[in-house]
Amino acid sequence: MGLTVQVWRTALPHGNDVQVAVRPWAINLLLNGEAPSFTFDPLGRLHAAFVGGVNYRRSLDNRVLSKWAEMTRGGRRRQRRWLDPGEAKALVDAAYSLARQTAAQAGLAPPAVRAALHRLGQWDWEALEANARRFAQIYTPVGILPPDQYLALVLQATHGCSHNACTFCTFYRGIPFRIKTPEEFRQHTRDVVDFFGPALAMRRSIFLGDANALVIPMPRLSALWDVLAEALGGDEQGTLTGVERGSTGGPPVAHGGEILGAAGGRGLGLPVFAFVDAFHVERKSAADWQALAARGLRRVYIGMESGHDPLLRWLNKPGDAQDVLDAVRQLKAAGLQVSVIVMLGVGGERYAAGHVEDTVRLLNAMPLGRGDIVYFSDFVQHPEAPYAQLAAEAGVQPLDEAAVRRQELAIRRGFVPRDPRIPPQFSRYAIEEFIY
Ligand code: SF4
């Protein structure tokens, strides 16, 4: 993939100045050197914006999440809100209006800039709504992704969650767990590649969905991986080169032009990421995990929630703390990176002390290092989840925000990295900010 960046500026009527930056993975419009700023994918679909101090992200189902920072007594606090459709349309209209005004001045712009502006000119709110309907035909709802995977290319090898019974979780309620056949997965992959077209250049990884696709028994998983390798081959540098051109059109941005043949033992070109239940890791052999690592699996995410077994049982999580530890050891031994997700505040006051103590103990027993991530996810109580009623019946009192932050701090302070030179990364996992 070429890394050429084409930047061009022009003056608009009324004294405004606009800069157009065309990169292989995105098109950006910037007004007056600062804001508003609009980012589009290489196909021309609005992806993100920064207007009036507020960040916006548009999802592929055409909703817009706004995020901003607010000063409170406790310091800066991140705020977020989904726009209503009228507000979302106004943002989209503003973005494409600026694109049209810029295109009207672009007669002498470099060809790449004119081509990019032409692509922007093909979109408006109605076109994005139609595109969202196509998205809904290709995907079942993408329930959640780890925060570092929001720019992944999601491919749904399974639908739903094989457990689907944790009392706090609503991500896949009403979606029966199902593993796709190779034929179904091939069609899905083709549809996805067609849907993204040149916008594949914006995608940095493959996320194998949904909740725990790696529970698929190895022979069936290998067959699905063959489908991935057929459709998304790669070169030795890990660059996506073999994406089939689809009917979504647009000029070629980063494509080899044909489906590569079966990639055999070769990597896929993009690293692959996925969730797995700790409980299921031991169902694959060490050789199986090594084979998946050799075929491009990079990091596996485990929703451990807690190291405190009584809390895990109360939450109806499958498996226990020892299962999580065994799983992490097995995955690390296979050369994979691991991310474990700790849920803060879950179990309220009743479980707080045991949650902190046993989670620290469990994290400290794990061979975590560079490339691994410990995520902290604040518990969010959903009215539809059984948790609320169970907590009320058991008299479990929720923790307030300050207590949740203290819990986070206590776990971080208790953590002792195996090798202080290469500690794992710690990061927040705000499920309310998930967007795809
Ligand atoms: S295993 Fe994960 S996705 Fe499945 S119900 Fe539990 S928390 Fe939700």
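Residues numbered from 1 in each chain as written. Predicted model: local features only at pLDDT ≥ 70, side-chain atom pairs only at ≥ 80, totals over all residues. Heavy atoms only, no water.

Draft legend 1. How the structure looks around the packing of helix H4 (residues 182-196) against helix H5 (residues 218-231). In the contact formed by H4 and H5, the axes pass within 9 Å of each other and the chain directions differ by 30°. The orientation of H4 with respect to H5, classified from their angle, is roughly parallel. The element H4 and its partner H5 pack so that their crossing is right-handed. From H4, Pro182, Phe185, Arg186 and Thr189 reach across to H5, where they touch Ala223, Leu224, Val227, Leu228, Glu230 and Ala231. Here the contact of H4 with H5 is composed, by residue class, of seven nonpolar, one polar and two charged. (Axes fitted to C-alpha atoms, helices over the stretch in contact; angles between N-to-C directions. Helix = DSSP H or I, 4+ residues; strand = E, 2+ residues; numbered from the N terminus. Parallel < 35°, antiparallel > 145°, perpendicular 65-115°, else oblique. Left-handed = near helix turned anticlockwise from the far one by under 90°. Contact = heavy atoms within 4.5 Å. Nonpolar A, V, L, I, M, F, W, Y, C, P; charged D, E, K, R; others polar.)

Draft legend 2. Spatial organisation of the pattern of salt bridges. Evaluated as defined, the whole model comprises 22 salt bridges. Here Arg361 and Glu357 are joined by a salt bridge, their closest N and O atoms 3.3 Å apart. Here the residue Arg361 and the residue Glu357 both occupy positions in helix H10 (residues 348-365), the gap between them amounting to four residues, near one helical turn. Exposure remark for Arg361: the relative accessible area of 52% places this residue in the exposed category. For Glu357, a relative accessible area of 48% corresponds to the partly exposed category. One salt bridge connects Glu401 with Arg405, and the closest N-O pair in it is separated by 3.0 Å. Remark: Arg405 and Glu401 occur in helix H12 (residues 401-414); sequence separation between them is four residues, near one turn of the helix. (Salt bridge = Lys/Arg side-chain N within 4 Å of Asp/Glu carboxyl O. Buried < 20%, exposed > 50% of the residue type's maximum accessible area, 1.4 Å probe, protein only.)

Function cannot be read off these values alone, since they describe shape.
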